[in-house]
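# Overview (structure and organization)
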Amino acid sequence: MTARLTLAHSPCPNDTFVFHALTHGLVPDAPATDVRLADIDVTNGLAERNELDVLKVSYAVLPHVLDDYALLPCGGAVGRGCGPLVLRRAAGPADTLAGARVAVPSTSSTAYLLFRLWADRAVPGGVGDIVVLPFHEIMPAVRDGRVDAGLVIHEARFTYHDYGLHRVTDLGEEWEKQTGLPVPLGAIIAGRSLGGRRLTELTDAVRASVRYAWRNPEASRTYVLQHAQEMATDVVDQHIELYVNSFTAELGDEGYAAVRELLGRSAALGLLPAVPDSALDLPAGP
């Protein structure tokens, strides 16, 4: 009997929506999985230690794990109008962030990578101290003046007005203006040790899980809300609509171009090691 696969992804609504069918036995002939829900920092660390078979990780981590893992061409988070935001208490241009104390949810995330790429160009002299805070503490910290600005992701784009905050920039918009490409945020990776045939079967299963979710949006509703971390239902719906899109079903040429551009620009600034294009290909063979 084929061994069960170990899978880790975040409890965010887009991930639970995408993987619900796969992890609940609703995709015919799909491999059986044991799923672990964990924040992206945890899954990034699991991938760096090569501990599980399949994981959702930040694209910022991808160059560090490609020896052990292959990028799947589906299931991840790539899109338009879905980038991280830089927020502060008072409206003002980007150059006023020079020397600022900025709260971020992680320094190994794609959001932070996009922030570094943007700040290198838009903030003369660079920002000041970087403070890592849990995601849910960042907007209160900015509001209360404990930091000068905050880098936020996901549902914060729908709720930051509730904290009286102002947007300095939308890093997704900046990325799209600079490149014309969608913004790559989260990748699905699987162990190369599974072999080409099983990786292909897994890819088909993940893609089928995405399509099942679209065809049967209510099937995962209870599961998604159970793990939505007290998120309002309308925010859950907006979250899924924004982050689950055509690139989730198939990265395609444009999606791969966006990934190569992100990794290439980051390598040019010394933020990531260089990655050859061939390293992004799904392995073939047995």
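Description of the structure in this document. (Residues numbered from 1 in each chain as written. Predicted model: local features only at pLDDT ≥ 70, side-chain atom pairs only at ≥ 80, totals over all residues. Heavy atoms only, no water.)

Counting its secondary structure elements, the chain contains 12 helices and 11 strands. At 19 Å, the chain has a C-alpha radius of gyration in line with the 19 Å of a compact globule built from 286 residues. Intrachain contacts of the chain at a sequence separation of at least 6 include 80% that bridge at least 24 residues. Of the side-chain charges in the chain, 24 are positive and 35 negative, and the distance between the mean point of each set is 1 Å. (Helix = DSSP H or I, 4+ residues; strand = E, 2+ residues; numbered from the N terminus. Rg over C-alpha atoms; globule rule 2.2 N^0.38 Å. Contact = heavy atoms within 4.5 Å. Lys, Arg positive; Asp, Glu negative; His and termini not counted. Charge placed at Lys NZ, Arg CZ, Asp CG, Glu CD.)

What follows deals with the pairing of strand β6 (residues 85–88). Because side chains alternate across β6, one face comprises the buried residues Leu-85 and Leu-87, and the other comprises Val-86 and Arg-88, equally buried. In the sheet, β6 pairs with strand β9 (residues 149–152) via 3 bridges, with the strands oriented antiparallel. For Leu-85, the partnering residue across the bridge sits in β9 and is Val-152. In the sheet, β6 pairs with strand β10 (residues 166–170) via 4 bridges, with the strands oriented antiparallel. By the bridge assignment for β10, Arg-88 is matched with His-166. (Buried < 20%, exposed > 50% of the residue type's maximum accessible area, 1.4 Å probe, protein only. Pairing = 2+ DSSP bridges.)

Here we take up the packing of aromatic side chains. What the rule picks out here adds up to 2 aromatic pairs. Where Phe-115 meets Trp-118, the ring centres are 6.0 Å apart and the plane angle is 40°; that geometry is what we call tilted. Of this pair, Phe-115 and Trp-118 both sit in helix α4 (residues 110–122), separated by 3 residues, roughly a single helical turn. Put simply, the rings of Tyr-112, Phe-115 and Trp-118 touch in pairs and so form one group of aromatic residues. (Phe/Tyr/Trp six-rings, centres within 6.5 Å; stacked < 30°, edge-to-face > 60°.)

Okay, the nonpolar core next. Where a protein is soluble and globular, its nonpolar side chains tend to be buried together. In this structure, Leu-55, Tyr-59, Leu-62 and Trp-118 are the most contacted members of the largest nonpolar core, which totals 56 residues. Of the residues forming this core, the biggest block, 9 residues, is contributed by α4. In terms of nonpolar packing, the next biggest core, distinct from the first, is built from 27 residues, Val-54, Cys-74, Leu-199 and Val-236 among them. (Core = buried A, V, L, I, M, F, W, Y, C linked by side-chain atoms within 4.5 Å.)

Nothing here speaks to function; it is geometry throughout.
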